[in-house]
Amino acid sequence: MRLVQCLDAAGARVVAATGDDGVARLVNDAASTFALAQEAIADGIGLAAVVERHGLGDVVDLASVEAEGRLLSPIDHPDPAHLFVTGTGLTHLGSAEGRDKMHKDLADPAKQTDSMKMFRLGVEGGRPEPGVFGVQPEWFYKGDGSILTAPGAALASPSFALDGGEEPEIAGIYVIGPDGTPHRLGFALANEFSDHVTERQNYLYLAHSKLRACAVGPELLTGALPTDLRGASRVLRDGAVIWEKPFLSGESNMCHSIANLEAHHFKYPLFCRPGDVHVHCFGTATLSFSDGLRIAEGDVMEIEVADFGRPLRNPLGTADTPYRAVKPL
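Here the residue index of a chain counts from 1 through its sequence in written order. It should be noted that, the model being predicted, local features are given only for residues of pLDDT at least 70 and side-chain atom pairs only at 80 or more, the latter also being counted only at that level, while totals for whole chains, interfaces and linings use all residues. In computing side-chain properties, one takes all heavy atoms of the structure into account and sets aside hydrogens as well as water.

**Some remarks on the pairing of strand β15 (residues 300-305)**
Now for step 1: Two strands are counted as paired when DSSP detects at least two bridges linking them. A run of H or I in DSSP becomes a helix once it reaches four residues, and a run of E becomes a strand once it reaches two; helices and strands are each numbered from the N terminus. Sheet topology note: the strand β12 (residues 229-237)/β15 ladder contains six bridges and is antiparallel. Bridge pairing in β15 places A232 opposite E304.
Now for step 2: The turn joining β15 and strand β16 (residues 312-319), which pair antiparallel and follow one another in sequence, is formed by six residues; a positive phi near 75° is taken by G309.

**Looking at empty space enclosed by the protein**
Now for step 1: For each structure, a 1 Å grid was placed over the protein atoms alone; sets of points admitting a 1.4 Å probe that cannot get out are labelled cavities, open sets with protein on both sides within 12 Å along at least five of seven lines are labelled pockets, and lining residues have an atom within 4 Å of a point. Grid points are joined across faces, edges and corners, and a volume is the space filled by probe spheres set on the points. Scanning the entire structure with this criterion turns up one cavity of 30 Å³ or more.
Now for step 2: Here the largest cavity defines a volume of roughly 30 Å³.

**Some points on the pattern of salt bridges**
Now for step 1: Salt bridge criterion: a side-chain nitrogen from Lys or Arg within 4 Å of a carboxyl oxygen from Asp or Glu. One pass over the full model with this rule turns up 23 salt bridges.
Now for step 2: The shortest N-O distance in the salt bridge between R230 and D228 comes to 2.9 Å.
Now for step 3: Residue R313 pairs with E302 through a salt bridge whose shortest N-O separation is 2.6 Å. Remark: E302 occurs in strand β15 and R313 occurs in strand β16; sequence separation between them is 11 residues.
Now for step 4: Summary of the burial criterion: residues with accessible area below 20% of their type's maximum are buried, those above 50% are exposed, and those between are partly exposed, where the area comes from a 1.4 Å probe applied to protein chains only. In this structure R313 comes out as partly exposed when scored by relative accessible area, which is 27%.
Now for step 5: Overall, E302 belongs to the buried group, its relative accessible area being 9%.
Now for step 6: Among the charged side chains, a salt-bridge network with shared partners connects E66, R234, E244, E302, E304, R310 and R313.

**Quick word on the sheet that holds β16**
Now for step 1: Taking strand neighbours across the sheet as the criterion, the five strands line up as β8-β16-β15-β12-β13 in an open arrangement whose pairing is mixed. The sheet terminates laterally at β8 (155-158) and β13 (240-249), the two strands that pair on one side only. Ignoring strand direction, the axes of neighbouring strands in this sheet form an average angle of 25°.
Now for step 2: For β15 and β16, the ladder comprises four bridges, and the chain directions are antiparallel. For V300, the partnering residue across the bridge sits in β16 and is P315. Between the N-to-C directions of two axes lies an angle of 0 to 180 degrees, each axis being a line fitted to C-alpha atoms and, for a helix, fitted only over the stretch in contact.

**Details of the side chain of E138**
Now for step 1: As for its placement among the helices and strands, E138 is situated in strand β6 (residues 138-144).
Now for step 2: Only four residue types enter the charge count: Lys and Arg as positive, Asp and Glu as negative, with His and the chain ends excluded. Despite its burial, E138 remains without a salt bridge, the nearest opposite charge being carried by K210 at 6.5 Å.
Now for step 3: Excluding anything up to four places from it in sequence, E138 contacts G87, T88, G89, L90, M118 and L206. In what follows, a contact means two residues having at least one pair of non-hydrogen atoms within 4.5 Å.

And the structure:
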């Protein structure tokens with residue numbers, strides 16, 4: 001089952017569910033995905049069971065909803081300050097060609113950068129036995145719920161940025177229960193939009209490069225994540241594809257297990273605060289920036305994986321971010 005949040009023709013928020021038949025239908029009396037998750041946690045049942053209990057109503061034409069700009073992120077929080085957007089890096093093995101290059105680089109002492117050393121640690125210890133901490137991955141903070149950008153809306157690059165580029169990823173979606181237990185609702189496509197020029201200046205600028213907008217969705221896939229996910233990441237300019245590359249994810253294409261990435265995120269009490277929502281990105285190995293493309297304002301970044309239903313599309317935009325002087329009190 002996949003869940004979508006959107007606005008109906010009258011502007012009211014609704015939730016729709018897509019089943020095996022590929023048809024989206026309204027979830028009756030559903031205010032939000034967050035509300036459905038809270039209900040599931042309170043009653044000790046699964047998210048699919050809650051949807052079944054609510055029942056399904058009218059068919060929703062998601063193509064029309066997207067064309068009319070009525071899609072919303074598949075998860076949000078009534079108070080954006082209680083939603084964390086975070087991620088991990090150096091988690092994916094890449095294509096067959098990339099894997100061959102990676103193994104050669106791992107064997108070359110001259111190429112043992114800090115990043116390559118961390119990647120090696122993941123390859124060697126990122127898949128521990130159940131219930132055991134493996135090697136911890138790279139981790140970063142992107143922002144709170146205010147940075148989530150709806151599918152179809154522009155990902156705004158701040159005026160001080162040196163670059164704005166896509167990062168096609170899978171994100172885990174979680175709600176923290178009353179006792180501090182993280183509950184995974186499912187997974188969604190994510191564009192973990194970043195400033196790659198700033199990051200390349202010095203890896204200590206990674207934190208700066210990640211404090212950007214982020215898009216997830218449009219559909220939230222419930223249940224287990226398929227182990228071998230194959231799709232495409234592309235950039236369109238004036239409707240024409242100017243760059244495209246296969247997008248691989250799932251544990252078959254990763255050096256860390258999902259459980260290990262989750263364990264190292266939720267080991268911190270800060271991230272187990274009851275009622276909070278977490279959107280946690282699992283990393284990528286496919287970037288247009290790596291192929292020398294500089295995305296221009298208005299270019300559309302598109303991430304597509306069939307298992308997740310509709311593609312995630314967002315144009316590049318800009319946001320005026322003035323210098324803010326601090327005023328002493």
